[in-house]
Amino acid sequence: MSAHSRRTGRGEPLVLLHGVGLDHTLWDDLAPLLEPDFEVLRYDMLGHGHAPAIADGVTVQDFIAQLDAELDRAGWQSANLVGYSMGGLIAGAYAAARPQRVTRLALLSTVFRRSPDEARAVLARLDAAATQDPEAAAQVSLQRWFTPAFQAARPERVASIGQRLLHNDRASFLAAYRVFAQGDPLLAQAAPGIACPALVMTGEQDVGSTPRMTLELAEALPHARAHVAPGQRHMLPVEEPAIVAAALRGFFLEAAGAPSLV
């Protein structure tokens, strides 16, 4: 364990990749539910948390190299892989580039083939992130990511995510956001070559990684299924960790004879 990673639990190797502007603490609600069945590795991606800073010019290949290094450090030849939001982009690209290292793949709240309007919107948010007051930008993100009910019931957890956004190194955040905002072609190109079984999951009310995207991504992957969580927005692993854990356990463990809950 280090300042930028945690490795807990017992069982099959499982790696969790967080979203843009976040860090490995995104998984604090979900990881304990997975630890009875998996050895869970979560770490800060480049430019986030305590990981090395990045600058313009960083590419998905840099994040792939980081994941290679994390698996090597753990002594794992292969692992199950979960990617959330930007982490889904990295996880999908990794599964295509390193098929021998990914046993099964889960893509949570992952963007796929944005429409022209959706592409313009995310590029506008990237431009705003470079000029807008960071606190105002963080509040806009939190409103999009969390349901009103969760914001009312768990304001301290929403605030902790907001603080994470505010503490980002600005240059690193913008460089990572650019990879995320411009990354659509990468996953579209990678999808047909991802041979491992895959689960694609999002919230019914997620306006960034929509149900349409999830269904299309599952269709584009050779061996995939889709799961849309009713009434949920973008922050599935935080708002509904039990639902996500049940889906992941059912999917990852079914090969060992456990029933699928998806």
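Refer to the structure printed above.
Note that the structure is predicted; figures quoted are calculated from it, not measured. (Residues numbered from 1 in each chain as written. Predicted model: local features only at pLDDT ≥ 70, side-chain atom pairs only at ≥ 80, totals over all residues. Heavy atoms only, no water.)

*Asks:* Run through the packing of aromatic side chains, naming residues and quoting values.
*Replies:* Going through the model one piece at a time under the given rule, you end up with 6 aromatic pairs. The interplanar angle of 80° and the centroid separation of 6.3 Å between the aromatic rings of Trp-27 and Tyr-84 together place this pair among those described as edge-to-face. Placement of Trp-27 in the loop between β2 (12-17) and α1 (31-34) and of Tyr-84 in strand β4 (residues 79-84) is noted, with a sequence separation of 57 residues between them. Pair check on accessibility: Trp-27 and Tyr-84 agree, each one buried. The interplanar angle of 50° and the centroid separation of 5.2 Å between the aromatic rings of Phe-251 and Phe-252 together place this pair among those described as tilted. (Phe/Tyr/Trp six-rings, centres within 6.5 Å; stacked < 30°, edge-to-face > 60°. Helix = DSSP H or I, 4+ residues; strand = E, 2+ residues; numbered from the N terminus. Buried < 20%, exposed > 50% of the residue type's maximum accessible area, 1.4 Å probe, protein only.)

*Asks:* Break down the pattern of salt bridges for me, citing the residues and quoting the values.
*Replies:* Applying the stated criterion across every chain yields a total of 17 salt bridges. Residue Asp-117 pairs with Arg-120 through a salt bridge whose shortest N-O separation is 2.2 Å. Of this pair, Asp-117 and Arg-120 both sit in helix α4 (residues 116-131), 3 residues apart, which is roughly one turn of the helix. Among the ionic contacts, a cluster of salt bridges with common partners joins Asp-68, Asp-72, Arg-98 and Arg-101. (Salt bridge = Lys/Arg side-chain N within 4 Å of Asp/Glu carboxyl O.)

*Asks:* With reference to specific residues and values, describe the pairing of strand β6 (residues 198-203).
*Replies:* In terms of residue burial, β6 counts as a mostly covered element, since 6 of its 6 residues are buried. Burial along β6 is two-sided: the residues Ala-198, Val-200 and Thr-202 and Leu-199, Met-201 and Gly-203 are all buried. Direction of pairing for strand β5 (residues 102-108) relative to β6: parallel, over a ladder of 4 bridges. From the neighbouring strand, Ala-106 faces β6, where its bridge partner is Leu-199. (Pairing = 2+ DSSP bridges.)

*Asks:* An account of helix α8 (residues 170-181) is needed here, citing residue identities and associated values.
*Replies:* Over its 12 residues, α8 extends 16 Å from the first C-alpha to the last, a length consistent with the 16 Å expected when each residue adds 1.5 Å. Among the 12 residues that make up α8, 9 are buried, leaving the element largely enclosed by the rest of the structure. As for α8, its buried residues are in contact with α2 (60-74), α3 (86-97) and α4. (Expected span 1.5 Å × (residues − 1). Contact = heavy atoms within 4.5 Å.)

*Asks:* Can you tell me about the packing of α2 against α3, naming the residues and giving the values?
*Replies:* Packing of α2 against α3 leaves a shortest axis separation of 10 Å and a crossing angle of 75°. Taken as axis vectors, α2 and α3 run roughly perpendicular relative to one another. Together, Val-60, Phe-63, Ile-64, Leu-67, Asp-68 and Leu-71 of α2 and Met-86, Leu-89, Ile-90, Ala-93, Tyr-94 and Ala-97 of α3 make up the contact between the two elements. For the contact of α2 with α3, the class distribution of residues is 11 nonpolar, no polar and 1 charged. (Axes fitted to C-alpha atoms, helices over the stretch in contact; angles between N-to-C directions. Parallel < 35°, antiparallel > 145°, perpendicular 65-115°, else oblique. Nonpolar A, V, L, I, M, F, W, Y, C, P; charged D, E, K, R; others polar.)

The values reported here are purely geometric and, on their own, carry no functional implication.
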